[in-house]
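Remarks on the overall topology
Listed below are the residues making up each chain.
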Amino acid sequence: MNTRPYPSTRRGFTLLEMVLAMAAFALLLSAIFSLANGTIELSTDLSYAQERAVSRQNFIDFLRRSLRTLPGDAEVRLKIRQSGSSYLPTINIINGGTSLSPGEALPPDTSIELYAEERPGGYLRVALRYLDEEQTAALRQNQAPRVGRDQLTVPLLEDVARFEWRFFDTRTNNWEKLWEDGRRPLLCELNLKLDDGEETRAVFWVPPVMAGATQIAPSAGIAPQPTGTNPTLEVNAPEVPQQ
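Summary of the structure given here. Worth saying up front: this structure is predicted, and the values here are computed from it rather than measured.

Below, the discussion takes up the overall build of the protein chain. For the protein chain, the count of helices and strands is 2 helices and 9 strands. Along its sequence from the N terminus, the protein chain presents helices and strands in the succession α-β-β-β-β-α-β-β-β-β-β. Among the 243 residues that make up the protein chain, the fraction classed as buried is 33%. Contacts in the protein chain between residues far apart in sequence, at least 24 positions, make up 56% of those at least 6 positions apart. Here the protein chain displays about 16,000 Å² of accessible surface, and carbon together with sulfur accounts for 54% of that area.

Right, let's get into a nonpolar patch on the surface. A contiguous nonpolar surface patch, about 400 Å² in accessible area, is contributed by Phe 25, Leu 28, Leu 29 and Ile 32. Topologically, Leu 28 is positioned in helix 1 (residues 15–68). Its relative accessible area of 49% is what places Leu 28 among the partly exposed residues.

Bringing the packing of aromatic side chains into the picture now. Counting across every chain of the model gives 5 aromatic pairs. Each member of the aromatic cluster is reached from another via a ring pair, and the members are Phe 59, Phe 163, Trp 165 and Phe 204. The lysine or arginine in question, Arg 129, covers the ring of Tyr 115, its NZ or CZ lying 3.9 Å from the ring centre.

The next point concerns the side chain of Arg 56. In this fold, Arg 56 is placed in helix 1. Residue classification places Arg 56 among the buried positions, given a relative accessible area of 8%. Ignoring anything within four residues of it in the chain, the contact list for Arg 56 reads Leu 192, Leu 194, Asp 196, Glu 198 and Thr 200.

Turning next to the environment of Leu 190. Along the chain, Leu 190 turns up in strand 8 (residues 187–194). The buried category is assigned to Leu 190, whose relative accessible area is 1%. The sequence separation of Leu 190 and Trp 165 amounts to 25 residues, and the corresponding C-alpha distance is 4.8 Å. Not counting residues up to four positions away in its chain, the partners in contact with Leu 190 are Phe 59, Leu 63, Phe 163, Glu 164, Trp 165, Thr 200, Arg 201, Ala 202 and Phe 204.

Grouped together as the largest cluster of nonpolar side chains are 33 residues, with contacts concentrated most on Phe 59, Leu 63, Leu 114, Phe 163, Trp 165 and Phe 204. Ignoring sequence-local partners within four residues, the contact set of Phe 204 consists of Ile 60, Leu 63, Arg 64, Leu 67, Trp 165, Leu 186, Leu 187, Cys 188 and Leu 190. Among the nonpolar cores identified, the runner-up in size contains 5 residues, and Phe 168, Trp 175, Val 203 and Trp 205 belong to it.

Turning our attention to the pattern of salt bridges. Evaluated as defined, the whole model comprises 17 salt bridges. A salt bridge links Asp 61 to Arg 64; the shortest N-O distance between them is 3.9 Å. Residue Asp 61 and its partner Arg 64 are located together in helix 1, separated by 3 residues, close to a single helical turn. On the basis of relative accessibility, which here comes to 26%, the residue Asp 61 falls in the partly exposed class. Between Arg 183 and Asp 169 there is a salt bridge whose closest N-O contact spans 3.5 Å. Linking Arg 183 in the loop between strand 7 (179–182) and strand 8 with Asp 169 in strand 5 (residues 153–169), this pair joins segments that are 14 residues apart in sequence.

Parameters at a glance
- Residues numbered from 1 in each chain as written.
- Predicted model: local features only at pLDDT ≥ 70, side-chain atom pairs only at ≥ 80, totals over all residues.
- Heavy atoms only, no water.
- Helix = DSSP H or I, 4+ residues; strand = E, 2+ residues; numbered from the N terminus.
- Buried < 20%, exposed > 50% of the residue type's maximum accessible area, 1.4 Å probe, protein only.
- Contact = heavy atoms within 4.5 Å.
- Areas by Shrake-Rupley, 256 points an atom, 1.4 Å probe, with all protein chains shown as cover.
- Patch = residues over 30% accessible without salt bridge, like charges linked within 9 Å, V, L, I, M, F, W, Y side chains within 5 Å.
- Salt bridge = Lys/Arg side-chain N within 4 Å of Asp/Glu carboxyl O.
- Phe/Tyr/Trp six-rings, centres within 6.5 Å; stacked < 30°, edge-to-face > 60°.
- Lys NZ or Arg CZ within 6 Å of the ring centre and 35° of its normal.
- Core = buried A, V, L, I, M, F, W, Y, C linked by side-chain atoms within 4.5 Å.

Written as structure tokens, this is what we have:
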């Protein structure tokens, strides 16, 4: 009886086949990783862009509410401050009440200013700063108030690439970058650009104070205006002048 075993017909993978299979698997993993990483980056970019858009809109809405509710005796000033090679605008509002105030109404003969300062990296930070009576008095004399390091400030926007203001002068029909006499401008223009590259031009209407305007009698749901201030009568906003 022949007991010699028959040769096996099965064969394993060769070294070349194993190398090719591993290379194909590595390419497949690399493609999957690149696709997943691109999806995550796109989602992060979209989330950041949405966050910046919300911050920009909230900032503009805050300015619009503040400028539309200026008290009748408020004084408004716009100055330009040089910082290195940049020219940074500062808006000062005296006797502004709750305008630009993050909390309660400011005391009389005090002011608040909306300013920009340079930050490391070349971007700007926009913030609010409270000025007391002594600093406000210097401001009324067209002098630069002394600001201490412990001055109360409230940051509003970070990583701002452009922050420019102009006021429209109805006497000259021109847009002005300096406004030092405290008058109420009719229109205020803001050119804003954040680090996302989106440029925004916003025009704010400041209701004029009408001489001889009468106060509205108090009624349910309507708060009377404080005495001692000029009432503000809102009229329809005018058309925005062309640049």
